[in-house]
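Summary of structural features
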Amino acid sequence: MKLFILYQTDFWKSKTSRVFFGIFDSRSKAMDCAKYNGLFCSNAKVVIEEVTLNIFEEI
């Protein structure tokens with residue numbers, strides 16, 4: 001199962017500046033939430049990170 005984590009970050013997309021906004025089951029729902037909350041602006045960027053649940057991998 002794939003989930004999408006929505007963050008707002010600074011212009012350089014550094015991990016230390018990320019602000020968590022939610023977890024969604026589709027990329028389109030994450031984008032709709034970002035648009036609804038006005039996360040797109042000239043000083044900030046939106047990052048949607050895709051993660052997979054219930055997978056075990058040996059390194």
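Throughout what follows, the structure given in this document is the object of discussion.

Reading the values: rules and limits
- Residues numbered from 1 in each chain as written.
- Predicted model: local features only at pLDDT ≥ 70, side-chain atom pairs only at ≥ 80, totals over all residues.
- Heavy atoms only, no water.
- Buried < 20%, exposed > 50% of the residue type's maximum accessible area, 1.4 Å probe, protein only.
- Helix = DSSP H or I, 4+ residues; strand = E, 2+ residues; numbered from the N terminus.
- Arc of directions from axis to C-beta.
- Contact = heavy atoms within 4.5 Å.
- Core = buried A, V, L, I, M, F, W, Y, C linked by side-chain atoms within 4.5 Å.

1. A look at helix α1 (residues 27-36)
Within α1, burial applies to A30, C33 and A34. Projected down its long axis, α1 carries its buried residues within an arc of 100 degrees, all on one side. Residues of α1 that are exposed and point more than 90 degrees away from the buried face comprise D32, K35 and Y36. Buried residues belonging to α1 abut β1 (2-10), β2 (19-24) and β3 (44-52). G38 sits one or two positions beyond α1 and adopts a positive phi of about 65 degrees.

2. Thoughts on the nonpolar core
In terms of nonpolar packing, the biggest core is built from 9 residues, these being F4, L6, F24, A30, C33, A34, L39, V46 and I48. Elements with a minimum of two residues in this core: β1, α1 and β3. When residues of this core are assigned to their parent elements, the largest contribution, 3 residues, is made by α1. If we ignore the near neighbours within four places in the chain, the residues touching I48 are F4, I5, L6, R27, A30 and M31.

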